[in-house]
Amino acid sequence: MRQLHDSWKPILSPEFKAPYFLALKDFVLKEYNTHPCHPPQNQVFKAFTACPLEGLKVVIIGQDPYHGPGQANGLAFSVTNGITHPPSLVNIFKELQSDLALSYPKNGDLTPWANQGVLLLNATLTVRSGQAGSHQNQGWEQFTDTVIQKISTTTTNTIFMLWGGFARKKSKLIDSTKHLILESGHPSPLSANRGYWFGNQHFSKANTYLESNGYKPINWKL
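Keep in mind the model is a prediction, meaning the values are calculated, not measured.

Undergrad: Explain the overall build of the chain to me, please; I cannot follow it from the model alone.
TA: Counting secondary structure elements, the chain contains 9 helices and 6 strands. For a compact globule of 222 residues, the expected C-alpha radius of gyration is about 17 Å, and the chain comes in at 17 Å, within 12% of that figure. For the chain, the proportion of its 222 residues judged to be buried stands at 52%. Sequence separation of 24 or more characterises 65% of the internal contacts of the chain that already satisfy a separation of 6 or more. Summed over its atoms, the accessible surface of the chain is roughly 9,900 Å², and 50% of this surface lies on carbon and sulfur atoms. In the chain, which carries 20 positive and 14 negative side-chain charges, the distance between the mean positions of the two groups comes to 2 Å.

As structure tokens, this is what we get:
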């Protein structure tokens, strides 16, 4: 369960020894042994392997992994290449088109973003197939809240993109005096079609902030 880049280990290793995480580990292993679950076990911590802490620039917070077969690949909102884009990802890409005048991506795998310093973090890192929210309230939220808090305290000028009510509640974990918090509605059709998502320009705002602080912008093109 502990595939992550070495740069994360000093701040996250204590969590792996905590009683809540040991109980979580037992729960997750039992679930994977008795039910189809997502993402594949070797991708549960992909957010932390693809995006080293030392190069972190942006944190995008999701809630649950996709629960359909073959969709989840360990990165929030991302799907394995060749998989039909879920509605939220479609709307993310539409905003990307509008904000940065980019063509709509064919590939829904967001690993290239992660490799540039975008942590695509779901609050819950696993799910039983076909059952949204089935692994919530087992300890994952405590772990990922700790991740957000540690990022807030150990880094500066990090951009947090909080999409939707669930993610926006995480703002209390972030020091807004040293980081940029961008908030909007969720990219799901229910929120986006009510006017709470499109036009937020988070991708261009992030790059403007990075450049103004002397960092290389993210190439959001896929």
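What follows continues from the structure just given.
Undergrad: What's the story with the sheet that holds strand β2 (residues 58-62) in this structure? I'm lost.
TA: One key point about sheets: their strands pair by backbone hydrogen bonds, in either a parallel or an antiparallel sense. Read from one edge of the open sheet, 4 strands run β3-β2-β5-β6, paired in parallel fashion. Both outer strands of the open sheet, β3 (118-122) and β6 (180-184), are each paired with one neighbouring strand and no more. Strand-to-strand twist across the sheet, computed as the mean angle between neighbouring axes with direction ignored, equals 20°. Judged from the 4 bridges that link them, β2 and strand β5 (residues 159-163) form a sheet pairing that is parallel. Each bridged residue has a counterpart across the sheet, and for valine 58 the counterpart in β5 is isoleucine 159. Lying over the sheet, helix α9 (residues 202-212) contacts β5 and β6, oriented at roughly 165° with respect to β5.

Undergrad: I would appreciate a short explanation of the pairing of β2 in the present structure.
TA: On a regular strand, one side chain projects to one face of the sheet and the next to the other, so that they alternate. Most of β2 sits inside the fold, with 5 of its 5 residues counted as buried. Burial along β2 is two-sided: the face carrying Val58, Ile60 and Gly62 and the face carrying Val59 and Ile61 are both buried. With 5 bridges joining them, β2 and β3 adopt parallel strand pairing. Paired with valine 58 across the two strands is valine 118, which belongs to β3.

Undergrad: Help me out: how do you make sense of helix α1 (residues 9-16) in this one?
TA: One turn of the α-helix equals 3.6 residues, which is why residues spaced by three or four share an orientation. Listing the buried residues of α1 in full gives Ile11, Leu12, Glu15 and Phe16. The buried residues of α1 occupy an angular sector of 135° when the element is viewed end-on, so they sit on one face. Looking at the buried residues of α1, the elements they touch are α2 (19-34), α3 (46-50) and α6 (140-154).

Undergrad: Help me out: how do you make sense of the packing of α1 against α6 in this one?
TA: Where α1 meets α6, the closest approach of the two axes is 11 Å, and the angle between their N-to-C directions is 150°. Between α1 and α6, the angle falls in the class roughly antiparallel. In terms of crossing hand, the pair formed by α1 and α6 is right-handed. Residues Ile11, Leu12, Glu15 and Phe16 of α1 form the contact with α6, whose own contacting residues are Phe143, Thr146, Val147, Lys150 and Thr154.

Undergrad: Where do I start with the environment of phenylalanine 21 in this structure?
TA: With respect to the helices and strands, the residue phenylalanine 21 is situated in helix α2. For the pair phenylalanine 21 and glutamine 142, spaced 121 residues apart in sequence, the C-alpha to C-alpha distance is 8.7 Å.

Undergrad: What's the story with the environment of serine 13 in this structure? I'm lost.
TA: Looking at the secondary structure, you find serine 13 in helix α1. Within the structure, the side chain of serine 13 is placed 2.7 Å from the backbone oxygen of lysine 9, a separation counted as a polar contact.

Reading the values: rules and limits
- Residues numbered from 1 in each chain as written.
- Predicted model: local features only at pLDDT ≥ 70, side-chain atom pairs only at ≥ 80, totals over all residues.
- Heavy atoms only, no water.
- Helix = DSSP H or I, 4+ residues; strand = E, 2+ residues; numbered from the N terminus.
- Rg over C-alpha atoms; globule rule 2.2 N^0.38 Å.
- Buried < 20%, exposed > 50% of the residue type's maximum accessible area, 1.4 Å probe, protein only.
- Contact = heavy atoms within 4.5 Å.
- Areas by Shrake-Rupley, 256 points an atom, 1.4 Å probe, with all protein chains shown as cover.
- Lys, Arg positive; Asp, Glu negative; His and termini not counted.
- Charge placed at Lys NZ, Arg CZ, Asp CG, Glu CD.
- Pairing = 2+ DSSP bridges.
- Axes fitted to C-alpha atoms, helices over the stretch in contact; angles between N-to-C directions.
- Arc of directions from axis to C-beta.
- Parallel < 35°, antiparallel > 145°, perpendicular 65-115°, else oblique.
- Left-handed = near helix turned anticlockwise from the far one by under 90°.
- Polar contact = N/O pair within 3.5 Å; in protein donor to acceptor, adjacent residues only side chain to side chain.

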